[in-house]
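Descriptive analysis of the structure
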Amino acid sequence: MVGELRYREFRVPLGPGLHAYPDELIRQRVGHDGHPEYQIRWLILRRGEEGQGSSGQVHCKAEHILLWMSDDEIYANCHKMLGENGQVIGPSQESAVEAGTLDKSVLGEMETDVKSLIERALRQLEECVGTVPPAPLLHTVHVLSAYASIEPLTGVFKDPRVLDLLMHMLSSPDYQIRWSAGRMIQALSSHDAGTRTQILLSLSQQEAIEKHLDFDSRCALLALFAQATLAEHPMSFEGIQLPQVPGRLLFSLVKRYLHATFLLDQLNSSAQESGATAELSEERGRLDLEFSMAMGTLISELVQAMCWDRASGRPGRSARSPCSIFQPQPVDASPQLPASQAQRSFRRSRRFRTRTEFASGNTYALYVRDMLQPGMRVRMLDNYEEISAGDEGEFLQSNSGVPPAQVLWESAGRTYWVHWHMLEILGFEDLEDLMEAADHQGAVISGALSGVLPSWRWKPMTELYAVPYVLPEDEDVEESEHLSQAEWWELLFFIRKLDGADHQEVLQMLQENLDGEHVLDDEILAELAVPVELACNLLVALPQRLDDSTLRDLLNCRVYRKYASEAPPRQPAYPRLLQAQAQEGAARAEEKEPHSQSPGTLQHLAEGLGPSGQLLIDLEQALGCPGPQDGEVRPCLLQLQRQPQPFLALLRSLDTPANNKELHLTALRILTQLADFPEALLLPWHEAMDACVACLKSPNTDCEVLQELIVFLHRLTSGSRDYAVVLNQLGARDAISKALEKHPGKLEPASELQDAVSKCEKHTHLYQNLTTNVLGGCIQMVLGQIEDHRRTHRPINIPFFDVFLRYLCQGSNMDMKEDRCWEKVEVSSNSHRASKLMDRNPKTYWESSGSTGSHHITLHMRQGVLVRQLTLLVAREDASYMPALVAVYGGNTSSSLNTELNLVNVMPCASRVTLLENLTHFWPILQIRIKRCQQGGIDTRIRGVEVLGPKPTFWPAFRELLCRHTRLFYMVRAQAWSQDIAEDRRSLLHLSSRLNGALRHEQNFADRFLPDDEAARALGKTCWEALVSPLVQNITSPDEDGVSALGWLLNQYLECREAAHNPQSRAAAFSSRVRRLTHLLVHVEPCEPLTAPRAKGRNGSRDWGSPAPRGLAGSILRNLTRCWRAVVEQQVNAFLTSHWRDNDFVQHYCECFHNLQKSSSELFGPRATFLLALQSGCAGALLQLPFLRAAHVSEQFARNIDQRIQNSRVGGAQGMEMLAQLQRCLEAALVFSGLEVATTFEHYYQHYMAERLLSLGPSWLEGAVLEQIGLCFPNRLPQLMLRSLRTSEELQRQFHVYQLQQLDEELLKLEDTERKLQVGQETGGQEPEHEQEDRKAPAAAAAAEEEEEENEDFYYEGVMPKVSVLVLSPRCWPVNSICHILNPKTCLPSYLRGTVNQYSNFYHKSQTQPAAEGGPHRRLEWTWLGRAELQFGDQTLHVSTVQMWLLLNFNHLKVVSVESLLAHSGLPSHLLHRAIGPLTSTRGPLELREQEDIPGGVLKVRDTAEEPRPRWGSVWLVPPQTYLEVENEEGRSLEKKRNLLNCLVVRILKAHGDEGLHIDRLVCLVLEAWQKGPCPPRGLISSLGKSATCSSTDVLSSILHLLGKGTLRRHDTRPQVLFYAVPVTIVEPHTESLSPGSLGPNPPLTFHTLQIRSRGVPYASCTGTHSFSTFR
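In what follows, the accompanying structure is described. (Residues numbered from 1 in each chain as written. Predicted model: local features only at pLDDT ≥ 70, side-chain atom pairs only at ≥ 80, totals over all residues. Heavy atoms only, no water.)

So, about the overall build of the protein. Within the protein, the regular secondary structure consists of 60 helices and 33 strands. Relative to its full complement of 1672 residues, the protein shows a buried share of 49%. Sequence-distant contacts, at least 24 apart, represent 75% of the contacts inside the protein between residues at least 6 apart. Of the roughly 81,400 Å² that the protein leaves accessible, carbon and sulfur atoms contribute 50%. (Helix = DSSP H or I, 4+ residues; strand = E, 2+ residues; numbered from the N terminus. Buried < 20%, exposed > 50% of the residue type's maximum accessible area, 1.4 Å probe, protein only. Contact = heavy atoms within 4.5 Å. Areas by Shrake-Rupley, 256 points an atom, 1.4 Å probe, with all protein chains shown as cover.)

With that out of the way, let us pick up a nonpolar patch on the surface. Taken together, the side chains of Leu 1300, Leu 1303, Leu 1307 and Leu 1310 make up a nonpolar region of the molecular surface, amounting to roughly 310 Å² of accessible area. Among the structural elements, Leu 1307 can be located in helix H49 (residues 1277-1323). Under the relative-accessibility criterion, Leu 1307 is labelled partly exposed at 40%. (Patch = residues over 30% accessible without salt bridge, like charges linked within 9 Å, V, L, I, M, F, W, Y side chains within 5 Å. Salt bridge = Lys/Arg side-chain N within 4 Å of Asp/Glu carboxyl O.)

On to the sheet that holds strand S16 (residues 912-917), then. Pairing within the open sheet is antiparallel, and its three strands lie in the order S16-S13-S19. Of all strands in the sheet, those bounded by a partner on one side alone are S16 and strand S19 (944-948). If you compare each strand with its neighbour and ignore which way they point, the axes differ by 20° on average. Of the pairings in the sheet, the one linking strand S13 (residues 869-873) to S19 comprises five bridges and is antiparallel in character. Each residue of the ladder has a partner; that of Leu 873, found in S19, is Gly 944. (Pairing = 2+ DSSP bridges. Axes fitted to C-alpha atoms, helices over the stretch in contact; angles between N-to-C directions.)

Its 14 residues place the ends of helix H28 (residues 661-674) 20 Å apart at the C-alpha level, agreeing with the 20 Å of an ideal helix rising 1.5 Å per residue. Of all 14 residues in H28, 10 are buried, a share of seventy percent or more. Three or more residues of H28 are buried, namely Leu 663, His 664, Leu 665, Thr 666, Ala 667, Leu 668, Ile 670, Leu 671, Thr 672 and Leu 674. Residues of H28 that are buried in the fold lie against helix H24 (602-608), helix H25 (614-624), helix H26 (630-642), helix H27 (645-652) and helix H30 (703-719). (Expected span 1.5 Å × (residues − 1).)

All right, on to helix H17 (residues 485-496) then. For H17, built from 12 residues, the straight-helix expectation of 16 Å at 1.5 Å per residue is met to within 8% by its first-to-last C-alpha distance of 16 Å. For H17, the buried fraction is high: 10 of the 12 residues fall into the buried class. Along H17, the residues that are buried comprise Ala 486, Glu 487, Trp 488, Trp 489, Glu 490, Leu 491, Leu 492, Phe 493, Phe 494 and Ile 495.

Where helix H47 (residues 1237-1256) contacts helix H48 (residues 1260-1269), the two axes come as close as 13 Å, and the packing angle between them is 170°. By the criterion of interaxial angle, the relationship of H47 to H48 is roughly antiparallel. Contact residues: Phe 1241, Tyr 1245, Met 1249, Arg 1252 and Leu 1253 in H47; Glu 1262, Val 1265, Leu 1266 and Ile 1269 in H48. Residues belonging to the contact of H47 with H48 are distributed by class as follows: seven nonpolar, no polar and two charged. (Parallel < 35°, antiparallel > 145°, perpendicular 65-115°, else oblique. Nonpolar A, V, L, I, M, F, W, Y, C, P; charged D, E, K, R; others polar.)

Take the sheet that holds strand S6 (residues 392-398) next. Reading across the sheet, the five strands line up as S8-S7-S6-S5-S9 and stay open at both edges, with antiparallel pairing between neighbours. If you trace the sheet from one side to the other, it starts and ends with strand S8 (414-418) and strand S9 (423-427), each paired once. Within this sheet the neighbouring strands show an average axis-to-axis angle of 40°, counted without direction. Pairing of S6 with strand S7 (residues 405-409) involves five bridges; the strand directions are antiparallel.

With that out of the way, let us pick up the pattern of salt bridges. Evaluated as defined, the whole model comprises 48 salt bridges. Between Glu 826 and Lys 824 there is a salt bridge, and its shortest N-O distance comes to 3.3 Å. What makes Glu 826 partly exposed here is its relative accessible area of 34%. Here the salt bridges share partners, and the residues they tie into one network are Arg 377, Arg 379, Glu 392, Glu 410 and Glu 424.

Okay, the pairing of strand S21 (residues 1419-1432) next. Burial within S21 is extensive, with 12 of its 14 residues counted as buried. With six bridges joining them, S21 and strand S22 (residues 1434-1440) adopt antiparallel strand pairing. For Ala 1428, the partnering residue across the bridge sits in S22 and is Val 1439. Linking S21 back to S22 in an antiparallel pair, the connection comprises one residue, with Gly 1433 at a positive phi of about 70°.

If you want it as structure tokens, here you go:
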């Protein structure tokens, strides 16, 4: 076929390896909206089928889908079907009849001959007398068959007289006449499918045709129908055991199906005719009603034929939860866990945050690492090697290894190391009170902090936007008081089923209640608006007038279930039917129970059936009466036709154990006599024929019972060959053969019965194919109605439509037996007796031969069969041969049977041992291993193995078809909508309303027709993936300019966001549409459901070896987040380009970031995914900045944070405002995390934080800020600074104890000296005093020299100030750039110098332990850093250490020159002038006077008499914070350092070529090259100080920068391996070699600062002027 290649340019993926392409335009019609619609045949192509076959023709069995499409959809999807002018090329209008080479005159003569032959055949057929037809009649029919094979004469054979002729011939008793009729029908049907269908339809619609057709004629018509429908519906229900439908019922189904398809074809064809719109609408309405009624009749009979109503018990439609079908089920609920366990787990885990509350796994890992304590209970979140998700255990310890956490797991019974992010903290199990107290304390602290620093992270709300579409409009009150059209047509279906008198009574009832002026004909009835009250009255009146079959349908239809409860209470006129339904349920319950107490006699059987069982007793008595029995039997038969349950119970009693011989013989005698009555053939024999076949196959059936059974079956099949076909379907032929072998010569009619069953082999295949075709055709029509409903949004008015869908989703109740579950059975020994395992005979067994533990049975399962139950049959009389311990293993091959599924101990009294139940994972091979036998036996005996497979349902096949049609429809529509958006982006604003309509329609359809959540979610998932996913992919894909349609729309939204505050503006309407669209697109957030925890013991679970499925994240959110990231990056990039130099840059940037955050929440809800995309977009904009500009941005952020922290100390409303601004700044600064600029940000933040801590002191806010933005510091230097402060405070406490010890020692020495002097005076020593002094002089001088400095303030008579020392480590404090060395001997007074010297001695003594690796001890160097409090009169001055020293000079000097201060202190001039500035301000105590002879001027105390003002309170004179300038040398030095690292990385990777380097190895090599190779210049060292050193974080930051620039690339399969990608020019600073004489690193220096505090009244000079006294 040319179309196969011509129209294959667009393919729609329908599944794995499956796609569809448009093949051919079938027909054209005018749609309900007045626009043309085209029916396109889409061929389904599987992977690998494209190149098969040399010709382009498609086989008739090729799968295809017929889809109606509009002009726009064809324009977007089927380009080859468009002409040169862009219009659709319509279907070719070929002549239906071609004369060919026949002349018109010849054709006319042949038509005349055909008409005369028809008249002659009818006359001869009427004159035919006897069983042998006359030869002239056969010759006439033969000639007519020859004429029928000529296609131009087809029109002549459409004469109604031809149908009469065929009817007479088909109902003739002569076989040759019936055979000739079949030949003529085959000849007429050979032209085309349309003619064949028309003939079949015409014949089938003849009145009472079933009464005139015998078995062969009916089979001939059925064969033609099977041939006609084989190519139309090539469906397969493999694995599903379809019921045995007899030919009579099957022919009725064919009639209904042909009638429905004919009306559907007319409904589609009527739209092609041109005419007035009113006439077209009227004709469509009539055909729509007739088609709905025909489909309702077809569904009703099909449900009965498939035994669905009896199999499922006709349950009412289960109410589904009113949730969205487009969202996955919540994963919080764990139905596998007991309620108590789930509640217990929730109680234990409520105190700790879960992983979903964190933005990234790294953040959650840090949280778990900090919170987890030894002894806590934890749960595994992911599968990791030997530990599975859901396992619980106790945390023991952690270390610096990988993985770092050691847990004692309950499932494994041992410890196992895992990663932090894999654990969920459950808490302590036995310390509930302690945890509650800690929880309360933590809540208080978090509550105090949350008011100031709320977390930036948002937890996604599962209930947000639970419905993806706008709510439907409020229902009209007037409409709610009337039935909908679908409900009325369902009720009208039963009205039309009534006979003449009853039908007129119901119409009269309608006429009286509606008060209509018109006569209620069919046209008016279809359009009636029936009130609910009238409908309730009809529902009460109808059951009294309907037959039992139709009454069953009424009681189970939707309109009855909905409105019957509102009907007025009356005595029902159908109690027997309700009673029969109750008995059906009881009978089905009895069938499912084992036959522990089987009825022994017919009396017992009748009593078990209740009141209806009396029919069996009456029937037995009627058949036992002598003489004619018609009068007594026929009433019983009529009652059994209405209530067949007793009859079916009698038939099924044959499947009871063999010891019920009396019951079997009685039942067979009754059934044999019933088979002689023609009315009995109308009973549903086929529904219980399996019991007869089971009795035939049973090896325990008594010979007498078997004889009677064969006699009964022979008589039944002789009366109706349809039941011979049913027996053939059930496998009775082999059962009869085995019975003949077992009882040779004893079963008289067995051979005749076997021949009759064998002759029906071809009819069996015909019936099976017809059942499949009718069911497949009904499913195709149902799918077509769903598609038409989906396209036009018109309601589905077909009665029982929901019933049919419910049964398709529910399926059969018959379990798959063992012969359908396994392919073959293998045993370890004695394979010739393996068949005894499956013969269902408990008296036979398989006995093994071998050593203990070597016996096994291997089952090779059929593909895809999930075992519902695996049972082992044993016997206690086997004694030591009976198994005692049995294990079941599963595997994919015979060599991989390693998975133990269950281990079962067998009790000595057991007979049935259940090994497996309800597997959810398919195992190709199952092996039963007998580990041990009873009483120590060696060999074993197994009586049987029973395998029960799943209940086969139609749901998998129907789900595939439903999802396939839905996917094709919506992907075609998505392509058309995408084409509109590509042509005009403004049409994107209408996408929300389009999607709302489509999704609302699917939701309403699922709520109305689909029975359960599984079917509804399958439909919703397919619809979402087919419609929304392609649309999102198209609107988020960038065009030639690099901007996507959705990106353009979001940019427009951000630009008009301020103007949208006015609800009356166009911007508000525009923003509303954008928000509705984005809310809809993010409705379904793919989530990964947690795997259910596996059982702890071997026998504790019934779900063996089945890993829980994990959800796969969809591409919708990925595309949306990628688009949002690009929009944010564009917005932030434009802001940075234009505002990066502004003085208030950070404030404006935080406002921009806050607006983007609010926009993200408005557009997508508080979802962490889009917040991460927002951060990623901001990070992408920062990465595009040059280094110096990015460094300037980071410095501005560090400066702004410093200012906000300092200003927040003021308290009050201003302080709270500063805290709010600080929070915004911290949220925006989090973007630096993981970026190269984070290193620069850390450098500046560390510098400002150091000055802040030393000038203002630590506060709680410092720790809170670091907790929030700690990820922005790759070296964690600010955190180490706070830690060093805590260490310094601990040293200060130890120093206080040390001071007390020293004081005690000095006092003790004084007491000893005084005691010695007293003793010497009392004894009157002979030695002169000056000799003693000369003798002690050397020792005293030595001691005084050693302790002079330490005890310099010991004998100080004034009030000693309180001194606090801060020990700062240069490893984390930027001391090189902010401190200068202080000489205590020259710059501090004696009373301070002694304390400083004492602390130095204390620190030296505390470092008594040798340093690591034999390195030098830490030593102290005193600096000018720190702060002090001085008392000046009634004022308390807060000053720095430099200012304290400067002011103390005025205690003994009145005037001090600046020049002398510079010379004495050794400080730089800028630092000294920075300290003098606040002291000489209006608030300061000093004044600076310029003198010509003294450079820099002189300082003196300000005269209070000249400037009177109050002198009390606290005055803050600490020099203000100094901020760095990025453009200065320091910023350029940082850039040089970065460029030098880039050079080293590139050089090393270029040297390794294509092999590449692992990132860890690369970092080591770069650090080694930094230390030994070319070093940074001296200017870099002098400007950066400690920062000139290189760490692994600096190297990783440089690698990250080069990866972003494309200079480096990762390995495809090993991302940790890096390669050099392309040449790049890197600015390389001038470098010098490292000092060759340096043998190792210099000993680490420890800097310290001091804080001075006083203990009492300040020291005052003797003069009356104010003096400065050290207070702090």
